[in-house]
Amino acid sequence: MTTEHNARVLDAKIPDGPIQEKWDKYRFDTKLVNPSNRRKYDIIVVGTGLAGAGAAATLGEQGYNVKAFTYNDSSRRAHSIGAQGGINAAKNYPNDNDSIFRLFYDTVKGGDYRSREANVYRLAQVSNEIIDQTVAQGAPYAREYGGLLDNRSFGGAQVSRTFYARGQTGQQLLLTAYQALARQVAAGSVELFTRTEMLDVVLKDGRAVGIVTRDLITGEIESHSAHAVVLATGGYSNVYFLSTNAMNCNGTAIWRAYRKGALFASPSFTQIHPTCIPVGDEFQSKLVLMSESLRNDGRIWVPAKAGDDRPPKDIPEDERDYYLERMYPAFGNLVPRDVASRAAMRMVQAGHGVGPLKNGVYLDFADAIGRLGRKTIEDRYGNLFEMYERITDENPYEVPMRIYPAPHYTMGGLWVDYNLETTIPGLFAAGEANFSDHGANRLGASALMQGLADGYFVLPATISSYLANWLNVPPVPTDDEVFVETEQELKERIDKFLSINGTHTVDYFHRKLGKVMIDECGMSRSREGLEKALEEIAEIKRDFWSDLRVLGTAESLNQSLERAGRVADFLELGELMVRDALDREESCGGHFRVEHVTEEGEAKRDDENFAFVSAWEWTGEDSPPIRHKEPLEFEYVPLSQRSYK
Amino acid sequence: MDVTLRVWRQPDSASEGGFVTYEANGVSADASFFEMLDMVNEELNDRGEEPIAFDSDCREGICGTCGVMIDGHPHGPQRGTATCQLHMRKFKDGDTIVIEPWRAEAFTVVRDLVVDRSPFDKIIQAGGYISVNVGAAPDAHDTLVPRPAAEASMDAASCIGCAACVAACPNGAANLFTAAKIAHLGLLPQGQPERYLRTVAMVETMEDYFGSCRNYGECETACPKSISIDVIAWMNRDYVAAQWKNFRKQGQQV
Ligand SMILES: Cc1cc2nc3c(=O)[nH]c(=O)nc-3n(C[C@H](O)[C@H](O)[C@H](O)COP(=O)(O)OP(=O)(O)OC[C@H]3O[C@@H](n4cnc5c(N)ncnc54)[C@H](O)[C@@H]3O)c2cc1C
Ligand code: SF4
Ligand code: FES
């Protein structure tokens with residue numbers, strides 16, 4: 001499937017020197033733009049989540065002219081707002097032997113050795129500054145009585161390094177970024193476009209020079225030009241239709257960039273989060289996460305006997321299987337997400353599932369309530385318990401929660417080098433939208449960290465290396481043919497959606513795609529299933545383009561039309577995910593190929609043949625993509641079989 | 001269960017709107033309110049009628065995107081619950097449910113149930129932040145925050161900016177929203193340097209767009225995050241204090 005002879009080896013532009021010194025050295029060596037020249041530059045930032053709002057606000061503070069875009073009605077509503085559990089940092093406040101090196105080490109190991117050491121180390125380095133910054137901005141983190149910050153533990157770590165604001169950490173962090181952005185909007189350094197969706201990126205002479213957008217209320221198609229474009233548009237878990245992501249999250253921005261030549265890295269590396277509320281019925285529109293922090297105090301179990309359908313309280317202690325504690329005594333209920341998810345899947349497949357549809361496992365707080373009292377549990381997780389009860393009509397203080405894994409996060413995304421620059425000069429990617437620092441599996445509380453690291457600290461420091469080349473060169477005017485052509489193409493595409501006039505809604509096709517993706521390219525993948533998926537996706541795609549029905553007009557708010565464009569892109573992205581999963585003949589992190597397992601049934605990596613990042617290149621509508629490689633070297637965290645026993 | 005819906009339909013802000021009746025049959029009691037609307041929309045599309053436009057995103061009660069009037073109650077009958085978290089088990093078979101957009105002087109209906117709430121962002125832009133450039137922050141533990149202050153601040157900071165408080169208010173006032181942000185920042189030591197400046201700027205911007213508060217208290221009842229009306233009293237005191245505290249002399253400038 002890959003045309004090996006066309007494949008390139010990618011240069012990540014990692015600075016020389018010991019890992020501890022790379023970032024400092026980089027910042028000293030990099031080209032700068034002096035403060036009085038910054039107002040001569042226009043920068044487009046698409047997305048106002050943690051990464052985008054953080055970057056836009058910071059670049060505004062530094063004196064650049066920024067245009068920020070979001071399809072939400074306010075920049076405060078980006079999907080980051082939904083993050084619950086917390087954010088990691090290497091402060092070592094609990095004095096439990098944490099350090100920057102340990103955070104780095106845990107993240108590389110947790111990612112199953114498929115991430116770039118230099119980036120992860122930098123992430124760990126800036127983690128502490130993020131806490132300083134967000135505290136100063138007024139994030140009301142949980143405190144101890146002495147007024148100091150409190151910490152808790154998350155999966156994949158044996159230290160307590162997670163900072164949190166009740167079960168609303170993402171909300172509080174996004175609000176600080178949103179407020180920092182609002183301050184720049186008021187100051188005039190950032191122009192904000194809400195309810196405006198980016199539909200394509202525009203290139204001239206091979207570099208990114210702007211974007212084309214659609215005003216979601218008037219339908220107007222408009223071009224915006226700039227010296228550089230930053231995509232901070234989040235992840236693509238909604239390719240599965242049902243996921244924990246917000247309803248509008250989509251992959252369009254990065255997919256369009258891919259079709260314009262940016263390489264797409266590790267598309268099949270997706271995270272299926274272990275603690276979500278199981279699917280209830282067929283009209284379910286999304287899945288709800290119960291924060292991983294619950295695994296601090298909740299114990300996961302299933303009835304030891306398959307098919308046992310007694311109510312949980314009637315199942316005596318010795319007839320319960322606390323399977324994570326049994327199989328992984330060192331980490332117990334706090335094993336990394338991929339490990340916990342697969343274990344739950346195996347339990348359900350083996351007939352131990354609980355609940356009306358036998359599609360869950362228990363997460364039980366009885367012991368913790370007995371030990372700490374109901375009040376403490378309420379303080380820690382009150383809002384999550386309430387949310388659970390609202391959805392399921394069951395009271396988790398009395399009956400154990402039922403949970404099951406659900407698509408949650410995408411480690412894959414646009415390939416970026418150490419500068420966060422894609423393979424298109426002038427096009428940068430930040431936050432969940434890039435292939436990021438998480439390898440094949442992300443540890444809990446590290447996406448908020450990465451979003452703010454990229455947005456506040458990394459991108460504002462690296463973008464000058466590109467901008468410095470364009471001093472006194474004005475941006476390409478929006479009446480240039482490159483913009484006019486793209487606008488025309490987009491209008492034609494929109495007309496196409498409106499004129500198919502078939503029989504089915506957009507959701508109908510999205511649901512079909514989602515089912516194929518979760519069955520064949522979800523928690524467990526096989527060659528046979530993936531090959532079948534390729535055929536099925538092709539068929540759904542054909543039907544979509546001939547049998548879709550989108551009513552209404554292009555010149556008004558038209559939510560079906562918005563979704564049609566996003567699902568059209570998901571159909572192509574889903575196919576690339578399947579190709580990537582087929583191509584990677586090993587198991588690692590969230591990518592679990594049934595053909596590649598250890599004797600104990602755990603993921604079996606093949607470091608000899610696959611210690612690289614796969615970065616895919618679009619070659620056209622009807623020709624297969626080419627897979628390029630970024631070789632990965634592990635100098636500081638020696639390659640080893642992950643063990644959480 | 002079967003329910004009858006009376007839904008506000010309006011093509012755009014310039015056009016007149018009106019109620020249209022739809023039947024939603026065979027709805028599961030476990031479905032969420034929006035899942036019920038999704039189902040109605042699928043049927044409408046199949047029949048060749050344009051689906052009902054409504055806003056939602058997280059569907060977990062945290063992003064503040066959603067919100068409609070249900071039988072005259074913002075976010076519907078369940079207290080402390082955003083529309084997206086409302087489930088059909090709160091209704092009875094055979095009910096007629098009236099669904100309308102937020103209505104307030106300051107908001108325009110964009111289409112059907114979708115409204116423009118951008119004046120909220122204007123209030124935040126007027127001063128709802130702490131001015132600290134990235135890179136300039138002191139060490140996190142340089143500032144101790146007494147736990148009760150952190151908790152009270154967090155209570156106020158839970159506001160999701162949904163605007164149910166405005167929709168609930170007979171005067172269309174935005175005091176609960178504005179006061180929640182003023183309290184979030186003003187209760188923290190980090191928020192002190194700009195405190196009075198912030199309060200004055202935010203209150204005055206709020207007054208430019210919204211009606212005035214007469215202490216009806218409807219906002220608190222409607223708020224999906226149960227933000228306490230106490231924050232309004234706190235904001236009012238701060239605003240009055242700002243008038244006689246000559247804050248320029250405390251290093252704050254207008
Ligand atoms: C339920 C849940 C809980 C989580 N909990 C945690 C946690 O406890 N800890 C943790 O570390 N991580 C957590 N995560 C993950 C984390 O929240 C996300 O990975 C992170 O917030 C992503 O931030 P972002 O800035 O990259 O993107 P997002 O926050 O997704 O923002 C994307 C932005 O891009 C805009 N956008 C996208 N496409 C376009 C377009 N075409 N045109 C215009 N605008 C566009 C959107 O409007 C939005 O503003 C959680 C995720 C979920 C779903
Ligand atoms: S105060 Fe309550 S009702 Fe008003 S915007 Fe905030 S969350 Fe919504
Ligand atoms: S959709 Fe996010 S609060 Fe309702």
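Computed from a predicted model, the values in this text were never measured in an experiment.

Participant: Can you walk me through the overall build of chain B in this structure?
Facilitator: Helix and strand counts for chain B stand at eight helices and seven strands. Dimensions of chain B, computed from C-alpha atoms along their principal axes, come out at roughly 65 × 40 × 35 Å. Counting the 254 residues in chain B, one finds 60% classified as buried. The long-range fraction of contacts in chain B, counting pairs at least 24 apart against all pairs at least 6 apart in sequence, stands at 70%. If you sum the accessible surface of chain B, you get close to 9900 Å²; carbon and sulfur atoms cover 47% of it. Charged side chains in chain B number 22 positive and 35 negative. The centres of these two groups are separated by 8 Å.

Participant: For this particular structure, what's the right way to read the environment of G170 of chain A?
Facilitator: Residue and element names in this part refer to chain A. Residue placement: G170 occurs in helix 5 (residues 169-187). Counting along the chain gives 17 residues from G170 to S153, while the straight-line C-alpha distance between them is 17 Å. Discounting chain neighbours no more than four positions away, the residues touching G170 are S80, I81, A83 and L448.

Participant: Help me understand the domain arrangement of chain A in this model?
Facilitator: Residue and element names in this part refer to chain A. In terms of domain boundaries, chain A breaks down into domain 1 (274-407) and domain 2 (481-610). Every contact between the two is made by 11 residues of domain 1 and, on the other side, 10 residues of domain 2. Approximately 740 Å² of surface area, both sides summed, lies buried where domain 1 meets domain 2, with 58% of it carried by carbon and sulfur atoms. Here domain 1 is connected to domain 2 by zero salt bridges. Counting the contacts that link domain 1 with domain 2 gives two residue pairs in polar contact (both at pLDDT 80 or more). Those elements giving two or more residues to the side of domain 1 that touches domain 2 turn out to be helix 8 (337-352) and strand 15 (401-410). Here the side of domain 1 that touches domain 2 takes six residues from helix 8, the largest share from any one element. Classifying every residue of the side of domain 1 that touches domain 2 by side-chain character gives six nonpolar, one polar and four charged.

Participant: Just checking my understanding: could you explain the interface of chain B and chain A for this structure?
Facilitator: A common way to state how big an interface is: give the accessible area lost once the parts meet. In this complex, chain B contributes 76 residues to the contact, which on the side of chain A involves 73 residues. Summed over both sides, the interface between chain B and chain A buries roughly 6300 Å², with carbon and sulfur atoms accounting for 49% of that surface. Applying the counting rule to chain B against chain A returns eight salt bridges. In this structure, the connection of chain B to chain A is made through 44 residue pairs in polar contact (both at pLDDT 80 or more). Of all the elements in the fold, those that place two or more residues in the side of chain B that touches chain A are helix 1 (33-47), strand 6 (108-111), strand 7 (114-116), helix 2 (119-125), helix 3 (147-157) and helix 5 (175-186) of chain B.

About the thresholds
- Note that residues are indexed from 1 along each chain, following the sequence as it is written.
- Labels follow written order: the first chain is A, the first ligand is 1, and so on.
- Since the coordinates come from a predicted model, pLDDT governs what is reported: local features require at least 70, and pairs of side-chain atoms require 80 or more to be given and counted, while whole-chain, interface and lining totals use all residues.
- Side-chain calculation: all heavy atoms of the structure are included, whereas hydrogens and water are not.
- Counting from the N terminus, the helices are DSSP H or I runs at least four residues long and the strands are E runs at least two residues long.
- Only protein chains enter the accessibility calculation, which uses a 1.4 Å probe. A residue is then buried if its area is under 20% of the maximum for its type, exposed if over 50%, and partly exposed in between.
- The contact rule is simple, with two residues in contact once any of their heavy atoms fall within 4.5 Å.
- Working definition of accessibility: Shrake-Rupley area with a 1.4 Å probe, residue cover restricted to the visible protein chains.
- Under the counting rule used here, the positive set is Lys and Arg, the negative set is Asp and Glu, and His together with the chain ends is not counted.
- The atoms used to mark charge sites are NZ of Lys, CZ of Arg, CG of Asp and CD of Glu.
- Those domain boundaries reflect an automatic or database domain assignment.
- By definition, the buried area sums, over both parts, the 1.4 Å-probe accessible area that each loses when the two are put together.
- Salt bridge, as used here, is a side-chain nitrogen of Lys or Arg placed within 4 Å of a carboxyl oxygen of Asp or Glu.
- Here a polar contact means two N or O atoms within 3.5 Å. Within protein one must be a hydrogen donor candidate and the other an acceptor candidate, and residues neighboring in sequence count only if both atoms are side-chain atoms.
- For this scheme, ten residues count as nonpolar: Ala, Val, Leu, Ile, Met, Phe, Trp, Tyr, Cys and Pro. Four count as charged, namely Asp, Glu, Lys and Arg, and the remainder, Gly too, count as polar.

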